[in-house]
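# Topology and contacts: notes
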Amino acid sequence: MSNAPSNDDLSMNSQTFVQWLRTVAPYIHAFRGKTFVVAVDGELAYQGYLNSLAQDLSLLHAMGMRIVLVCGSRPQVEEQLALRNIQPAFHKGWRITDKGALECAKEAAGELRLDIEAAFSQGLPNTPMAHSSMRVISGNFITARPMGILEGVDLQHTGLVRKIDVTAIQMSLNSSAIVLLSTIGFSPTGEAFNLTMEDVATSTARAMKADKLIFVTQIEGVFDKSGKLMEELELDRAREIMLQEDLPELTKDYLECCILAVQGGVGRAHIVPLNLDGGVMLELFSHDGVGTMVSEENLESLRQATLDDSGGIKTLIEPLEMAGVLVRRGRDRIERDIDHFTVLEHDGILWGCAAMYPYHTEGVAELACLVVHPSWQGTGDGERLLKKIEHDARKQGLKQLFVLTTQTSHFFLKRGFVVGDVDKLPIERKRLYDWNRKSQVMIKTL
């Protein structure tokens with residue numbers, strides 16, 4: 001017996017792939033030309049995930065995203081210290097970088113740079129890097145200063161970012177290169193300083209007003225007291241969480257960087273687990289992501305549609321029109337009726353829509369074109385859209401809401417609608433009733 005997939009299996013796989021590609025397409029369009037600062041823990045390379053990350057970032061680059069990569073080197077520095085029999089020293093969580101430790105930091109940073117350049121140089125057939133031609137540019141983009149003496153302890157060559165050469169980085173990005181930033185910075189006097197990945201990444205993202213700062217790190221995100229991952233945090237809420245005494249120290253460090261970044265003009269700041277293969281891609285191209293995102297305000301909103309939403313609405317409803325669930329509407333009709341539409345938007349992407357057509361003389365309104373994107377159905381967004389339409393109808397003094405449906409009557413029955421008949425429709429709407437479709441009339445008293 002053959003183990004080859006059947007035609008039905010191939011057809012199903014093809015449909016799944018096409019549907020997935022259509023789902024991520026709005027994100028690709030939205031992110032093209034945007035600047036992402038991606039900061040990764042040294043543990044990522046240490047644990048063997050570097051090639052996978054390079055493949056993912058290469059794909060983002062190919063889709064038109066501008067990538068600045070910052071790679072930490074803590075475990076690599078520890079390894080170098082151990083090889084040289086140098087005891088690591090810390091004060092208040094900061095590494096005391098003496099001359100010996102600085103040499104170890106330089107060695108680790110140089111080795112990582114070579115490993116990263118090698119990872120982006122992959123091009124074997126039948127791999128995600130096939131046919132790619134990646135250039136990685138690094139250099140003295142960071143001016144550093146000494147951290148100095150902290151509570152009487154001289155941290156020596158441990159430093160902080162003083163300035164980012166934004167112009168030089170932008171020029172490199174404009175030449176279609178990925179920019180690699182080291183955690184070794186230099187002062188105007190020519191001294192080298194050991195910097196933290198978090199400081200370099202946050203300072204760079206702020207200086208460049210990057211669209212996203214993405215930390216790929218050991219923590220999986222920020223969790224509430226019940227242990228549930230908090231997928232999105234508004235800035236004010238993130239500040240509240242920072243005050244919690246039981247917040248893990250590492251989580252606190254990354255959350256503080258995210259807050260500083262967003263306060264400094266970065267569009268979004270993300271915390272993504274490094275041990276999840278494809279974590280960056282899943283965070284960017286799925287509705288909920290896989291980690292925690294900090295933004296200045298709530299990214300999800302129900303709002304009145306505008307003409308700019310016409311294309312998004314058409315894209316949402318077209319598959320249902322083709323399946324015969326909805327009556328076909330051309331874009332010109334959507335644009336003409338745009339004032340009747342409410343849309344559900346998440347991070348600049350439309351995930352749902354609904355329209356309301358009032359008949360004030362009869363005191364009723366028609367609910368039409370209630371659609372939620374397939375990847376986000378079953379999460380309550382359809383109900384939110386329905387409640388918004390009901391609220392708007394009541395606000396206008398209307399007493400009933402009706403809908404014409406051929407395949408979704410159970411959705412409306414569960415939400416208080418009852419079966420009616422065509423004679424109960426407003427006179428004007430009754431004249432337009434399509435007797436060939438034989439849509440079921442559902443009515444709800446508000």
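Everything below is about the structure shown above.
Treat the numbers as computed from the prediction; the structure is a model and nothing was measured. (Residues numbered from 1 in each chain as written. Predicted model: local features only at pLDDT ≥ 70, side-chain atom pairs only at ≥ 80, totals over all residues. Heavy atoms only, no water.)

Here, disulfide denotes a covalent bond that connects the sulfur atoms of two cysteines. All told, the structure shown has zero disulfides when counted by the stated rule. Free cysteine Cys 257: the closest other cysteine sulfur is in Cys 258, separated by 7.0 Å. In this model Cys 369 remains outside any disulfide bridge; the closest cysteine sulfur is found in Cys 353, 4.5 Å from its own. Judged by its relative accessible area of 5%, Cys 369 is buried. (Disulfide = S-S within 2.5 Å. Buried < 20%, exposed > 50% of the residue type's maximum accessible area, 1.4 Å probe, protein only.)

When two helices pack together, their arrangement is given by the angle between the helix axes and by the axis-to-axis distance. Interaxial distance between helix 6 (residues 166-174) and helix 7 (residues 197-208) falls to 10 Å at its minimum, and their mutual angle equals 80°. As far as their axial angle goes, helix 7 and helix 6 are roughly perpendicular. Contact residues: helix 6 offers Val 166, Ile 169, Gln 170 and Leu 173, while helix 7 offers Thr 204, Ala 207 and Met 208. Of the residues belonging to the contact of helix 6 with helix 7, the class tally is five nonpolar, two polar and no charged. (Axes fitted to C-alpha atoms, helices over the stretch in contact; angles between N-to-C directions. Helix = DSSP H or I, 4+ residues; strand = E, 2+ residues; numbered from the N terminus. Parallel < 35°, antiparallel > 145°, perpendicular 65-115°, else oblique. Contact = heavy atoms within 4.5 Å. Nonpolar A, V, L, I, M, F, W, Y, C, P; charged D, E, K, R; others polar.)

The next thing to look at is the environment of Lys 388. Looking at the secondary structure, you find Lys 388 in helix 13 (residues 381-395). In contact with Lys 388, other than residues within four places in its own chain, are Leu 302 and Thr 342.

We now examine the sheet that holds strand 5 (residues 136-138). Taken together, eight strands build an open sheet; the order of strands is 5-10-2-1-13-15-16-14 and the sheet is mixed. Whereas interior strands pair on both sides, the edge strands pair on one side only; in this sheet they are strand 5 and strand 14 (232-234). Strand after strand, the sheet turns through a mean of 20° between neighbouring axes, direction not considered. With six bridges joining them, strand 13 (residues 212-217) and strand 15 (residues 268-273) adopt parallel strand pairing. (Pairing = 2+ DSSP bridges.)

Pairing is possible between side chains of opposite charge, provided their charged atoms come close. For the structure on display, the rule yields 22 salt bridges. The residue Asp 337 makes a salt bridge to Arg 336 at a minimum N-O spacing of 3.2 Å. Judged by its relative accessible area of 62%, Arg 336 falls in the exposed class. Its salt-bridge partner being Glu 390, residue Lys 444 comes within 2.8 Å of it at the nearest N-O pair. Here Glu 390 lies in helix 13 and Lys 444 lies in strand 23 (residues 440-445), a separation of 54 residues in the sequence. Its relative accessible area of 16% is what places Lys 444 among the buried residues. (Salt bridge = Lys/Arg side-chain N within 4 Å of Asp/Glu carboxyl O.)

On inspection of all chains with the given rule, the structure shows 10 aromatic pairs. Pairing Tyr 27 with Phe 285 gives two aromatic rings, centres 6.4 Å apart and planes at 65°, and the pair type is edge-to-face. Of this pair, Tyr 27 sits in helix 1 (residues 7-31) while Phe 285 sits in helix 10 (residues 279-285), placing them 258 residues apart in sequence. Ring geometry for Tyr 27 versus Trp 351: centroids 6.1 Å apart, planes at 50°, classification tilted. With a gap of 324 residues between them, Tyr 27 in helix 1 and Trp 351 in strand 19 (residues 349-359) connect regions that are remote in the sequence. Considered together, Tyr 27 and Trp 351 belong to a single accessibility category, that of buried residues. The ring of Phe 411 carries Arg 415 above its face, with NZ or CZ at 3.9 Å from the centroid. (Phe/Tyr/Trp six-rings, centres within 6.5 Å; stacked < 30°, edge-to-face > 60°. Lys NZ or Arg CZ within 6 Å of the ring centre and 35° of its normal.)

Helix length check: helix 13, at 15 residues, gives a terminal C-alpha distance of 21 Å against a target of 21 Å (1.5 Å per residue), a fit within 8%. Listed as buried for helix 13 are Asp 381, Gly 382, Leu 385, Leu 386, Ile 389, Glu 390, Asp 392 and Ala 393. Positive phi appears at Gly 397, one or two residues downstream of helix 13, with a value of about 80°. (Expected span 1.5 Å × (residues − 1).)

Looking now at the pairing of strand 2 (residues 66-71). Burial analysis of strand 2 places six of its six residues in the buried class, the great majority of the element. Side chains Arg 66, Val 68 and Val 70 project from strand 2 onto one buried face, and the interleaved Ile 67, Leu 69 and Cys 71 project onto a second face that is buried too. Judged from the six bridges that link them, strand 1 (residues 35-40) and strand 2 form a sheet pairing that is parallel. Residue Val 38 lies in a different strand from strand 2, and its bridge partner there is Leu 69. As paired strands, strand 2 and strand 10 (residues 178-181) are joined by three bridges and run parallel to one another. Within the sheet, the bridge partner assigned to Val 68 lies in strand 10 and is Val 179.

What follows is about the side chain of Thr 183. Turning to its location among the elements, Thr 183 is positioned in the loop between strand 10 and strand 11 (184-186). Relative accessible area serves as the criterion here: at 3%, Thr 183 is assigned to the buried category. Every residue in contact with Thr 183, bar those within four places of it in the chain, is listed here: Cys 71, Gly 72, Ser 73, Phe 193, Asn 194, Leu 195, Thr 196, Met 197 and Val 200.

On to helix 3 (residues 50-62), then. Between its first and last C-alpha atoms helix 3 spans 18 Å; for 13 residues at 1.5 Å apiece the expected length is 18 Å, and the two agree. Those residues of helix 3 that are buried lie in contact with strand 1, helix 2 (42-46), strand 2, helix 5 (99-120), strand 10 and helix 10. Where helix 3 ends, the next residue or the one after it, Gly 64, has phi of about 100°, a positive value.

Next up on the list: the environment of Val 222. Among the structural elements, Val 222 can be located in the loop between strand 13 and strand 14. Taking relative accessible area as the criterion, Val 222 reaches 0% and is therefore assigned buried. Taking the C-alpha atoms as reference points, Val 222 and Phe 341, 119 residues apart in sequence, are found 36 Å from one another. Contact partners of Val 222, with chain neighbours within four places excluded, come to Lys 228, Leu 229, Met 230, Leu 233, Ile 241, Thr 251, Leu 255, Ile 271 and Thr 292.

The phi dihedral of Asn 85 is positive, around 60°, even though this residue is not glycine. Take Asn 85: it is sitting in the loop between helix 4 (74-83) and strand 3 (90-91). A positive phi angle, close to 55°, is found at Lys 438, a residue other than glycine. Relative to the assigned elements, Lys 438 resides in the loop between helix 15 (427-431) and strand 23. Given a relative accessible area of 65%, Lys 438 falls into the exposed group.

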